[in-house]
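Here is what each chain is made of, one letter per residue.
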Amino acid sequence: MPADAPTILATSGGIVASPRVRWELGPLTEYAIELSGVTGRAPKVCFLATAMGDNPFVINSFYDAALQRGLAATHVALFPMPNLADVAAHLLAQDVIWVFGGSVAGLLALWELHGVGEMMRAAWAAGVVLTGVSAGSICWHTGGTTDSFGPDLQPVTNGLGLLPYSNGVHYDSEEQRRPRFQELVGSGVLGDGYATDDGVGLLYRGTEFIEALTERDGAAAYHVARSAAGVVETVIDPRRL
């Protein structure tokens, strides 16, 4: 069942510690599933760990969490070749597509090579809910800050652009994130955008920002914009899930 509008939940969270498996679905990922409107059957959730080089350990951790949750779980891998004959059709058949973190530069390069970006655009337009964490948040935007090239954060500006904003992740947990994002927005390397503390997500319907949500107390989202007076950061209080 598709969402009633193109929907993206871009996050710096979505997984939580588990006493039984490596991690389990957090409230943000559960909310992404809720947004798909599925009732009466197991939600179809497809996982992409492209940003982690399709690491089998990460993919297996997803299946452990999905089994515990009762999902109809699948994954798309691109190494050493696509694991499905028709990736586009598979993505269109999902309720939720969940993109994991890692190297957003690597993710975007591989997606470009295999045409996955256009597949994601088609799935989004069809009402498949897109969600993800870190690299899986930045990828839907025009760009953001990344450690894909090393520990000193660099800009990435070739995001899919489904959302016409830049994106900052891990805003409160990594020392460089906040000042570097503001610097790049202020210089015009990145456009105006939104940032999230760990545990916070940004909900968009179409290209409109709707609200911020959080799975932990004390965290926030931010709108960061360039102005004649410099960079203006506006705190957005998230709704607690």
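Use the structure listed above.
These remarks concern the structure in this document. Keep in mind the model is a prediction, meaning the values are calculated, not measured. All residue numbers here refer to positions counted from 1 along the written sequence of the relevant chain. In keeping with the model being predicted, local features are shown solely for residues with a pLDDT of at least 70 and side-chain atom pairs are shown and tallied solely at 80 or more, while totals for entire chains, interfaces and linings include all residues. With hydrogens and water set aside, each side-chain value is computed from the structure's full complement of heavy atoms.

### Points about the pattern of salt bridges
Heads up, the rule is: Any carboxyl oxygen of Asp or Glu that lies within 4 Å of a side-chain nitrogen of Lys or Arg is treated as forming a salt bridge with it. A run of H or I in DSSP counts as a helix once it spans at least four residues, and a run of E counts as a strand once it spans at least two, with each numbered from the N terminus. For every residue, the accessible area (1.4 Å probe, protein chains only) is compared with the maximum for its type, and the residue is labelled buried under 20%, exposed over 50%, or partly exposed between those bounds.
Scanning the model with the defined rule gives 10 salt bridges in all. Between R178 and E233 there is a salt bridge, and its shortest N-O distance comes to 2.5 Å. Taken together, the residues R178 in helix α7 (residues 177–187) and E233 in strand β15 (residues 230–236) connect sequence positions 55 residues apart. A relative accessible area of 24% means that E233 is categorised as partly exposed. D217 serves as the salt-bridge partner of R240, at 2.8 Å between the closest nitrogen and oxygen. You can see R240 sitting in strand β16 (residues 239–240) and its partner D217 sitting in the loop between β13 (208–214) and β14 (221–227), a full 23 residues away along the chain. Judged by its relative accessible area of 61%, D217 is exposed.

### Topic: the sheet that holds β13
Here is the rule: Strands pair, by our definition, only if DSSP identifies at least two bridges between them. For this analysis, residues touch if any pair of their heavy atoms sits within 4.5 Å. Between N-to-C directions, angles span 0 to 180 degrees; the directions come from axes that are lines fitted to C-alpha atoms, helices contributing only their stretch in contact.
Pairing within the open sheet is mixed, and its 8 strands lie in the order β5-β4-β6-β7-β1-β12-β13-β16. Each end of this open sheet is capped by a strand with a single partner; those strands are β5 (72–76) and β16. Strand direction decides the pairing type here: strand β4 (residues 44–48) and strand β6 (residues 96–99), joined by 4 bridges, are parallel. Within β6, the residue paired with F47 across the bridge is W98. Helix-sheet contacts for helix α5 (residues 116–125) involve β1 (7–11), β4, β6 and β7 (129–133), and the interaxial angle to β6 is about 140 degrees.

### Quick look at the side chain of H75
The test is simple: Polar contacts, as counted here, are pairs of nitrogen or oxygen atoms within 3.5 Å of one another; within protein the pair requires one atom able to donate a hydrogen and one able to accept it, and residues that are adjacent in sequence qualify only if both atoms are side-chain atoms.
Within the secondary structure layout, H75 lies in strand β5. A polar contact of 2.7 Å, which involves the side chain of H75, links it to the side chain of Y63. Those residues within four positions of H75 in sequence are excluded, and the remaining contacts are C46, F47, I59, Y63, N83 and L84.

### Topic: the sheet that holds β14
Taken together, the 6 strands give an open sheet; going across it, the order is β9-β8-β10-β11-β14-β15, and neighbouring strands pair in mixed fashion. Two strands bound the open sheet, and with one partner strand each, they are β9 (154–156) and β15. The average undirected angle you get between the axes of adjacent strands in this sheet is 25 degrees. As defined by bridge partners, strand β8 (residues 143–146) adjoins strand β10 (residues 166–168) across 2 bridges and the pair is classed as parallel. If you follow G144 over to β10, its bridge partner there is N167. Sitting on the sheet, α7 touches β8, β9, β10, β11 (193–196), β14 and β15, and the angle it makes with β14 is about 35 degrees.

### Points about the nonpolar core
Applied cut-off: Grouping buried Ala, Val, Leu, Ile, Met, Phe, Trp, Tyr and Cys residues that are joined through side-chain atoms within 4.5 Å yields what is termed a nonpolar core.
Ranked by internal contacts, the top residues of the largest apolar core, which has 42 residues, are W111, M120 and W140. Not counting residues up to four positions away in its chain, the partners in contact with W140 are I8, A10, V99, W111, M120, L130, T131, G132, L160, G161, L162 and L163. A3, L28, F47 and F62 belong to the second-largest nonpolar core, a separate cluster that totals 25 residues.

### Details of the environment of A49
Residue placement: A49 occurs in the loop between β4 and α2 (56–69). With 167 residues separating them along the chain, A49 and R216 place their C-alpha atoms 24 Å apart. If near-sequence neighbours (up to four positions away) are discounted, A49 is found in contact with D54, N55, V58, I59 and F100.

Honestly, it's all geometry; don't read function into it.
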